[in-house]
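Examination of the molecular architecture
Listed below are the residues making up each chain.
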Amino acid sequence: MKLNKIVFPVAGLGSRFLPATKATPKEMLPILDKPLIQYAVEEAIDAGFTEFIFVNAKSKISIKEHFDNNLNLDISNLTKEKKELLNQTNQILPNNVSCSYIIQDEPLGLGHAILLAKSVIKQDPFAVILADDLIDSQKGVLKQMVEEYKDNSSSIVSVQKIDKSNSIHYGMVSIREDNLKSMQLNNIIEKPLPEDSPSNLGVVGRYIFCNKILDFLEDTSFGTGNEIQLTDAIKSMLSSYPVFAYEFEGVRYDCGDKLGFIKANIEYALKSSIFGDELKEYLKTRLIR
Ligand code: UTP
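Every value quoted in this text rests on a predicted model; they were computed, and no experiment measured them. Along every chain, residues carry numbers that run from 1 in the direction the sequence is written. In keeping with the predicted nature of the model, local features appear solely for residues at pLDDT of at least 70, side-chain atom pairs appear and are counted solely at 80 or more, and the whole-chain, interface and lining totals rest on all residues. Think of the side-chain values as coming from all heavy atoms in the structure, minus any hydrogens and water.

Points about the pairing of strand β11 (residues 201-209)
Burial classes follow relative accessibility: with a 1.4 Å probe on protein chains only, a residue under 20% of its type's maximum area counts as buried, one over 50% as exposed, and anything between as partly exposed. Numbering goes from the N terminus for both helices and strands, where a helix is a DSSP run of H or I of at least four residues and a strand is a run of E of at least two. Within β11, nine of the nine residues are buried, which leaves it mostly tucked inside the rest of the structure. The pairing of strand β6 (residues 126-129) with β11 spans four bridges and is antiparallel. Looking across to β11, one finds that I129 is bridged to R206. Relative to β11, strand β8 (residues 155-161) is paired through five bridges, and the arrangement is antiparallel. The residue bridging V157 from the neighbouring strand is Y207, located in β11. When DSSP finds at least two bridges between two strands, those strands are taken to pair. As paired elements, strand β9 (residues 171-175) and β11 share two bridges and run antiparallel to each other.

Side note on the pairing of β8
Most of β8 is tucked away, with six of its seven residues classed as buried. With five bridges connecting them, β8 and strand β12 (residues 243-247) associate as parallel partners. Note that in β12 the partner of V159 across the bridge is E247.

Things to note about the environment of L279
In this structure, L279 sits in helix α10 (residues 276-288). Residue L279 is classed as partly exposed on the basis of its relative accessible area of 22%. Through-space distance from the C-alpha of L279 to that of A269 is 7.5 Å; in sequence the pair is ten residues apart. In this structure L279 touches I266, A269 and L270, once residues within four positions along its chain are discounted. Whether two residues are in contact is decided by their heavy atoms: any pair within 4.5 Å suffices.

Section: the site of the ligand
Surrounding the ligand, one finds 18 residues, the nearest of these being G14, S15, R16, Q104 and G109. Between N or O atoms, a polar contact is any pair within 3.5 Å; within protein, one atom must be a potential hydrogen donor and the other a potential acceptor, and residues adjacent in sequence are included only when both atoms are from side chains. One of the backbone nitrogen or oxygen atoms of L13 is found 3.1 Å away from an oxygen atom of the ligand. Side-chain polar atom of E27 to an oxygen atom of the ligand: 2.9 Å apart, as the coordinates give it. Protein contact buries 85% of the 570 Å² of open area that the ligand shows by itself. Residue classes follow a fixed rule: Ala, Val, Leu, Ile, Met, Phe, Trp, Tyr, Cys and Pro count as nonpolar, while Asp, Glu, Lys and Arg count as charged, and any other residue, Gly among them, counts as polar. Residue composition of the shell around the ligand, by class: nine nonpolar, five polar and four charged. Note on definitions. A residue lies near a molecule or strand when any single heavy atom of the residue is within 4 Å of it. Where accessible areas are quoted, they stem from the Shrake-Rupley method and a 1.4 Å probe; at the residue level, only the protein chains shown are allowed to cover.

Points about the packing of aromatic side chains
Aromatic pairing here means that ring centres of Phe, Tyr or Trp (its six-membered ring) are within 6.5 Å. Orientation follows from the plane angle: under 30 degrees is stacked, over 60 is edge-to-face, and everything else is tilted. Enumeration according to the criterion identifies ten aromatic pairs in this entry. One aromatic cluster in this structure is built from F8, F52, F54, F67 and Y101. For K64, the ring lying beneath its charged end belongs to Y101, and the centroid distance is 5.2 Å. Geometry around Y268 places K271 over its ring, the cationic atom sitting 5.9 Å from the centre. By the criterion adopted, a ring carries a charge over it if an Arg CZ or a Lys NZ lies within 6 Å of its centre and within 35 degrees of its normal.

Remarks on the pattern of salt bridges
Side chains that carry opposite charge are capable of pairing whenever their charged atoms lie near each other. Each salt bridge in this description consists of a side-chain nitrogen of Lys or Arg and a carboxyl oxygen of Asp or Glu lying within 4 Å of one another. Scanning all chains against the criterion turns up 17 salt bridges. In this structure, R16 engages D254 in a salt bridge whose closest nitrogen and oxygen atoms are separated by 3.1 Å. Of the two residues, R16 sits in the loop between β1 (5-9) and β2 (30-31) while D254 sits in strand β13 (residues 251-254), which places them 238 residues apart along the sequence. Take R16: its relative accessible area is 46%, and that puts it in the partly exposed class. You can call D254 partly exposed: its relative accessible area is 21%. Between K271 and D136 there is a salt bridge, with the nearest N and O atoms lying 2.5 Å from each other. With a gap of 135 residues between them, K271 in the loop between α9 (258-270) and α10 and D136 in strand β7 (residues 133-136) connect regions that are remote in the sequence. On the basis of relative accessible area, K271 is assigned to the exposed category, the value being 55%.

Section: a nonpolar patch on the surface
Here the term patch refers to residues with relative accessible area over 30% and no salt bridge, with like charges joined within 9 Å and nonpolar side chains (Val, Leu, Ile, Met, Phe, Trp, Tyr) within 5 Å. Judged by side-chain polarity, L32, I274 and F275 come together as a nonpolar surface patch covering roughly 290 Å² of accessible area. Mapped onto the elements of the fold, L32 is located in the loop between β2 and β3 (34-35).

Concerning α9
To estimate how far a helix should reach, multiply one less than its number of residues by 1.5 Å. Between its terminal C-alpha atoms α9 stretches 18 Å, which fits the 18 Å expected from 13 residues at 1.5 Å a residue. Among the residues of α9, those classed as buried are G260, F261, A264, N265, Y268 and A269. Axial view of α9: buried residues confined to an arc of 160°, hence all on one face. Buried-residue contacts for α9 involve β2, α1 (36-46), β7, β13 and α10. Between the side-chain oxygen at the start of α9 and the backbone nitrogen of L259 there is a gap of 3.3 Å, and the oxygen is on D257. Starting at the helix axis, one direction is taken to each C-beta atom, and the arc is that of these directions.

A closer look at the environment of N186
Tracing the backbone shows N186 in strand β10 (residues 185-190). It is 61 Å that separates the C-alpha atoms of N186 and S76, two residues lying 110 residues apart in sequence. Contacts of N186, omitting those with residues within four sequence positions, involve S174, I175, R176 and L238. A distance of 2.6 Å separates the side chain of N186 from the side chain of S174, its partner in a polar contact.

Now the structure itself:
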């Protein structure tokens, strides 16, 4: 069974980013000139995925419109630069990629959102990417993970070292001591207190799952925050199917958080070949004051 399906759960409330997310989906907030969801889609394309499954909320229709609709402008009067930009805007998805959209009526959790995709996932292994976890890396993190992926009965979760005092914001994992090199998980806990955290490795939003995770999600009841937690299903799966942690190369920005979003915008803007230098000069004048 080939790994070519990927789920984009985008139906969350984005409550940490209110009021911006009152009528605008969090995943449509831009880093520089592209919405977060477009970075996620481009990372998935780069990793070779071809079947995209969006689990969306009814009110977040602009996510679908961003990929479905082409801009039909009269190009005769446009400058060369604008024509180029228009072409890029209308060609986000290559022809070999297909998209399906599933509605999550209520935000009952990440685990619930993924389970809704079952009718399209069927018996296949699949990946999941959370668009608000933006990762700046030379090689896309999904691509790094696909290269690590070995067989259809194992799963991989991406992790990064975090300051333990922040463990209440992450699923925290611990690694089997007899299998430190392969980083096989022996525990995962959703948002533990620092003193209860099994390590300093926190899960971030990239996963490759064996199909069995769907069975475990079906058996998962409402957990932390009264949501169906993906973490709980992963924990149940650990004793039957191996799950490996993958410490990716790259810098991750939590763009569902206002400060994380600002930092990502500054970093991406500083790297821009068009105005990075000018921004650097501007920031210097601000910091010297
Ligand atoms: P988050 O917990 O970061 O998103 O979920 P959220 O619930 O929108 O955030 P806050 O805390 O209210 O600000 C990670 C991803 O899972 C999706 C979100 O859209 C986000 O991309 N998600 C979450 C769903 O699709 N459905 C859910 O029920 C919950």
